[in-house]
Amino acid sequence: LALSKRIERAKGLEIAKVNSHLIILGKSGSGKTTFLKHLATDWCQGDFQPKKLAVFIELRRITNKKWNLIRAIGEELDSKKKTL
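Thresholds applied
Residues numbered from 1 in each chain as written. Predicted model: local features only at pLDDT ≥ 70, side-chain atom pairs only at ≥ 80, totals over all residues. Heavy atoms only, no water. Helix = DSSP H or I, 4+ residues; strand = E, 2+ residues; numbered from the N terminus. Buried < 20%, exposed > 50% of the residue type's maximum accessible area, 1.4 Å probe, protein only. Contact = heavy atoms within 4.5 Å. Areas by Shrake-Rupley, 256 points an atom, 1.4 Å probe, with all protein chains shown as cover. Polar contact = N/O pair within 3.5 Å; in protein donor to acceptor, adjacent residues only side chain to side chain. Phe/Tyr/Trp six-rings, centres within 6.5 Å; stacked < 30°, edge-to-face > 60°. Patch = residues over 30% accessible without salt bridge, like charges linked within 9 Å, V, L, I, M, F, W, Y side chains within 5 Å. Salt bridge = Lys/Arg side-chain N within 4 Å of Asp/Glu carboxyl O. Expected span 1.5 Å × (residues − 1).

A. Region of interest: the overall build of the chain. When you go through the chain residue by residue, the secondary structure sums to three helices and zero strands. In the chain, the order of α-helices and β-strands from amino to carboxyl end is α-α-α. Among the 84 residues that make up the chain, the fraction classed as buried is 8%. Sequence separation of at least 24 residues holds for 24% of the intrachain contacts in the chain that already meet a minimum separation of 6. Accessible surface for the chain amounts to roughly 8,100 Å². Of this, 56% is attributable to carbon and sulfur atoms.

Set out below in structure tokens:
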């Protein structure tokens with residue numbers, strides 16, 4: 001470990017533009033959800049990866065071993081369709 005070395009941080013959007021698979025980590029209140037909401041807004045406006053589909057699923061919704069990603073995506077898309 002090089003604890004004395006500072007890690008150079010890059011802006012989240014810059015990293016997201018060049019990496020299609022991300023894991024957003026941080027302490028409570030560090031801005032993870034806010035960052036993802038900004039990313040989603042850019043996505044909806046066509047400013048970010050317009051050829052891909054974004055689905056936001058909170059990890060706290062995974063409550064047991066029977067949880068299924070494909071079903072969760074379908075449920076999320078169905079709930080959005082009903083509100084339109």
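The discussion continues.
B. Just the side chain of Glu-76, in detail. Tracing the chain through its elements places Glu-76 in helix 3 (residues 69–83). Residue Glu-76 is classed as buried on the basis of its relative accessible area, which comes to 14%. Within the structure, the side chain of Glu-76 is placed 2.9 Å from the side chain of Arg-61, a separation counted as a polar contact. Beyond its immediate stretch of four places on either side in the chain, Glu-76 contacts Val-55, Phe-56 and Arg-61.

C. Region of the structure containing the packing of aromatic side chains. By the definition in use, this model includes one aromatic pair. Arranged with centres 5.1 Å apart and planes meeting at 85 degrees, the rings of Trp-43 and Phe-48 form a pair that is edge-to-face. Its relative accessible area of 4% is what places Phe-48 among the buried residues.

D. Just the environment of Asn-64, in detail. Mapped onto the secondary structure, Asn-64 falls in the loop between helix 2 (32–44) and helix 3. In this structure Asn-64 comes out as partly exposed when scored by relative accessible area, which is 44%. In this structure the side chain of Asn-64 is engaged in a polar contact, spanning 2.8 Å, whose partner is the backbone nitrogen of Lys-66. A distance of 3.2 Å separates the side chain of Asn-64 from the backbone nitrogen of Trp-67, its partner in a polar contact.

E. Up close: a nonpolar patch on the surface. A surface patch of nonpolar side chains, amounting to about 210 Å² of accessible area, comprises Ile-15, Leu-22 and Ile-24. By the secondary structure assignment, Ile-15 is in helix 1 (residues 12–18). In this structure Ile-15 comes out as partly exposed when scored by relative accessible area, which is 35%.

F. Summary view of helix 2. With 13 residues, helix 2 ought to run about 18 Å at 1.5 Å a step, and its terminal C-alpha atoms sit 18 Å apart, in line with that. Gly-46 occupies a position one or two residues after helix 2 and carries a positive phi of about 80 degrees.

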